[in-house]
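These are the residues of each chain, in order.
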Amino acid sequence: MAVFTPVTLDDLTPWMTQFPLGKALAIKGIASGIENSNFFIRTEAGEFVLTIFENLSFEQLPFYLKLMRRLADHGVLVPAPIANANGNLVVALHGKPAAIVSKLEGESQMSPLPIHCAEVGKMLAQMHLAGQGFEIVQPNLRGLAWWHATVPLVLPFLNEDKQALLRAEIHHQDAFASTASYQALPSGPIHADLFRNNVMFDGERLTGFFDFYFAGCDTWIFDVAVTVNDWCIAPETGVLDLARVEAMLAAYHAVRPFTAEEAIAWRTMLRAAAFRFWLSRLYDYYLPRDAEILTPHDPEHFERILRLREAASAPALPQN
Ligand SMILES: Nc1ncnc2c1ncn2[C@@H]1O[C@H](COP(=O)(O)OP(=O)(O)OP(=O)(O)O)[C@@H](O)[C@H]1O
Ligand SMILES: N[C@@H](CCO)C(=O)O
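The name that an unreviewed UniProt entry assigns to the protein chain is Homoserine kinase, with the source organism given as Undibacterium parvum. For the record of the protein chain, the UniProt heading Catalytic activity (unreviewed entry) holds the text "L-homoserine + ATP = O-phospho-L-homoserine + ADP + H(+)". Turning to the protein chain, the UniProt annotation filed under Sequence similarities (unreviewed entry) states: "Belongs to the pseudomonas-type ThrB family."

**Student:** Hey, could you run me through the side chain of Thr-268 in this one?
**Tutor:** Along the chain, the position of Thr-268 falls in helix 9 (residues 260–286). Given a relative accessible area of 9%, Thr-268 falls into the buried group. When residues no more than four places from it in sequence are discounted, the contact partners of Thr-268 are His-172, Gln-173 and Phe-176.

**Student:** For this particular structure, what's the right way to read the sheet that holds strand 4 (residues 91–93)?
**Tutor:** Across a sheet, strands are paired by hydrogen bonds formed along the backbone, either parallel or antiparallel in direction. Taken in spatial order, the five strands make up an open sheet running 1-2-3-5-4, and their pairing is antiparallel. Sheet topology places strand 1 (24–29) and strand 4 at the edges, where each strand pairs with a single neighbour. If you compare each strand with its neighbour and ignore which way they point, the axes differ by 35 degrees on average. Both strand 1 and strand 2 (residues 37–43) contribute to a ladder of five bridges, which runs antiparallel. In the strand pairing of strand 2, Ala-24 is matched with Thr-43. Docked against the sheet, helix 1 (residues 9–16) engages strand 1, strand 2, strand 3 (46–52), strand 4 and strand 5 (96–102), running at close to 130 degrees with respect to strand 1.

**Student:** Whenever I open this one, the pairing of strand 5 confuses me. Can you help?
**Tutor:** Each regular strand carries side chains that alternate between the two faces of the sheet. The buried count for strand 5 comes to five of seven residues, which makes it a mostly enclosed element. With five bridges connecting them, strand 3 and strand 5 associate as antiparallel partners. Bridged to Thr-51 within strand 5 is Ala-99. As judged from the three bridges shared by strand 4 and strand 5, these two strands associate in the antiparallel manner. Residue pairing across strands places Leu-93 opposite Lys-96, the latter belonging to strand 5. The antiparallel hairpin formed by strand 4 and strand 5 contains two residues in its connecting segment, where His-94 sits at a positive phi of about 50 degrees.

**Student:** Sorry if this is basic, but what is going on with the site of ligand 2 here?
**Tutor:** Lining the immediate environment of ligand 2, one finds Asp-193, Phe-195, Phe-214, Phe-277, Arg-281 and His-297. Asp-193 places a side-chain nitrogen or oxygen 2.6 Å from an oxygen atom of ligand 2. Interatomic distance of 2.7 Å between a side-chain N/O atom of Arg-281 and an oxygen atom of ligand 2. A class-by-class count of the residues in the shell around ligand 2 yields three nonpolar, one polar and two charged.

**Student:** I'm lost on the domain arrangement of the protein chain in this one. Help?
**Tutor:** Looking at the protein chain, the domain boundaries give domain 1 (9–102) and domain 2 (114–311). Contacts between domain 1 and domain 2 engage 22 residues on the former and 28 residues on the latter. Surface buried jointly by domain 1 and domain 2 totals about 2200 Å² across both partners, of which 67% is contributed by carbon and sulfur atoms. Taken as a group, Ile-34, Phe-63 and Leu-77 account for 31% of the area that domain 1 buries against domain 2, more than any other trio of residues on that side. Put simply, domain 1 and domain 2 have one salt bridge between them. Remark: the boundary between domain 1 and domain 2 carries four residue pairs in polar contact (both at pLDDT 80 or more). Per-class residue counts for the side of domain 1 that touches domain 2 are 15 nonpolar, four polar and three charged.

**Student:** Where do I start with helix 5 (residues 160–177) in this structure?
**Tutor:** Count 3.6 residues to each turn of an α-helix, and residues three or four apart come out pointing the same way. For helix 5, spanning 18 residues, the distance from its first C-alpha to its last is 26 Å, which sits close to the expected 26 Å at 1.5 Å a residue. Turning to helix 5, its buried residues number three or more, namely Lys-162, Gln-163, Leu-165, Leu-166, Glu-169, Ile-170, Gln-173, Phe-176 and Ala-177. Against helix 4 (144–154), helix 6 (180–183), helix 9 and helix 10 (299–311) lie the buried residues of helix 5. N-capping of helix 5 is provided by Asn-159, with a side-chain oxygen placed 3.2 Å from the backbone N of Asp-161.

**Student:** Can you walk me through the pattern of salt bridges in this structure?
**Tutor:** Between side chains of opposite charge, a pair can form as their charged atoms come close. Summed over all chains, the structure comprises twelve salt bridges. Arg-271 is the partner of Glu-169 in a salt bridge, and the nearest nitrogen-oxygen pair spans 2.8 Å. Of this pair, Glu-169 sits in helix 5 while Arg-271 sits in helix 9, and the two are 102 residues apart along the sequence. For Arg-307, the salt bridge is made with Glu-303, and the minimal N-O distance between the two is 2.9 Å.

**Student:** Would you mind showing me how to read the packing of aromatic side chains here?
**Tutor:** Any aromatic ring pair is given by two values, namely how distant the centres are and how the planes are angled relative to each other. Tallying each qualifying case throughout the model produces 15 aromatic pairs. Residues Phe-63 and Tyr-64 carry aromatic rings whose centres are separated by 5.4 Å and whose planes lie at 85 degrees to one another, so their mutual orientation is edge-to-face. Like Phe-63, the residue Tyr-64 is buried in the burial classification. With a centroid separation of 5.1 Å and 65 degrees between ring planes, the pair formed by Trp-147 and Phe-275 is classed as edge-to-face. Taken together, the residues span a long stretch of sequence, with Trp-147 in helix 4 and Phe-275 in helix 9 at a distance of 128 residues. Of the residues examined, Trp-147 reaches a relative accessible area of 5% and is grouped as buried. Given a relative accessible area of 0%, Phe-275 falls into the buried group. Put simply, the rings of Phe-53, Phe-63, Tyr-64, Phe-134 and Tyr-213 pair up and form one aromatic cluster. One Lys or Arg, Lys-103, reaches over the ring of Phe-40 and ends 4.4 Å from the middle of that ring.

Cut-offs used in this document
- Residues numbered from 1 in each chain as written.
- Chains lettered and ligands numbered in written order.
- Predicted model: local features only at pLDDT ≥ 70, side-chain atom pairs only at ≥ 80, totals over all residues.
- Heavy atoms only, no water.
- UniProt positions renumbered as here; feature names shortened; annotations may be inferred.
- Helix = DSSP H or I, 4+ residues; strand = E, 2+ residues; numbered from the N terminus.
- Buried < 20%, exposed > 50% of the residue type's maximum accessible area, 1.4 Å probe, protein only.
- Contact = heavy atoms within 4.5 Å.
- Pairing = 2+ DSSP bridges.
- Axes fitted to C-alpha atoms, helices over the stretch in contact; angles between N-to-C directions.
- Near = heavy atom within 4 Å.
- Polar contact = N/O pair within 3.5 Å; in protein donor to acceptor, adjacent residues only side chain to side chain.
- Nonpolar A, V, L, I, M, F, W, Y, C, P; charged D, E, K, R; others polar.
- Domains from an automatic or database assignment.
- Buried area = accessible area lost by both parts, 1.4 Å probe.
- Salt bridge = Lys/Arg side-chain N within 4 Å of Asp/Glu carboxyl O.
- Expected span 1.5 Å × (residues − 1).
- Phe/Tyr/Trp six-rings, centres within 6.5 Å; stacked < 30°, edge-to-face > 60°.
- Lys NZ or Arg CZ within 6 Å of the ring centre and 35° of its normal.

As structure tokens, then:
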């Protein structure tokens, strides 16, 4: 159950009159998802998704909604936010921020083949390029500063071995973040959570990226690493599947060539991407917010991946 704020058709009908979508005809809560209240809605203009944001504020939301609007306008397949009569993309519903976006066709591909990974790599590169020059700068709120704030909170729950791993990795990431190679990495708005459950496919055709609510400004190569660490692994072990890694990286590189600094950063970024989700999963596991996280994700999955990425060299990035 992921509807924290219920909405009925009677609630929706007067609220919808501010949107150019005709009359509201039906509303249905979406069961999956752990962050927000999501609904499929049908209006005279078609099918849409209504989201009520449970944790993000009115101040934070324009970054995400305007970014999605910009990406959609540049031909990147993402849900297009719908503005109300005053041009606002975020409007209060039951006292909380809410937005309507277009509904993507298709479903998540949880057992991707190299062809799916290539589609994701290509669209990810297109997304990075389309985000260049985006006027709102909001940092990745799960970046280095958040890691430093969060590591001390989870350390008391961990055994010595895990504590040592967490400490050593944040030290390694700090050291790399101060290098000239890191400073030279291309950056801009990134999705930052492009897991398989945040992409839709219709067969082999990618129909869209969604769930942009962890997006922020950070290095593009970190976004690639997050994506590879979920799409291109054996799910039980976290070991990289070379055919899928190569398919994703080659497709990305064909649209937006990797730089020499990114090749230097690659292995550290794969570790950073594993570390980020190990840490957030530890935090959600040991310090859950109210009753919202009903089934916390398994932290050990990303601990395993971090250990693997530390121990073994990563497949090289393509270079021109
Ligand atoms: N624009 C959209 N088009 C089609 N389906 C959507 C769209 N947005 C959300 N959904 C559906 O709603 C579900 C939950 O959405 P979403 O993943 O954004 O929720 P969430 O609360 O942020 O969850 P989580 O953080 O666990 O991913 C998705 O798995 C998807 O099936
Ligand atoms: N993708 C995150 C959840 C937040 O969307 C995880 O698997 O830990």
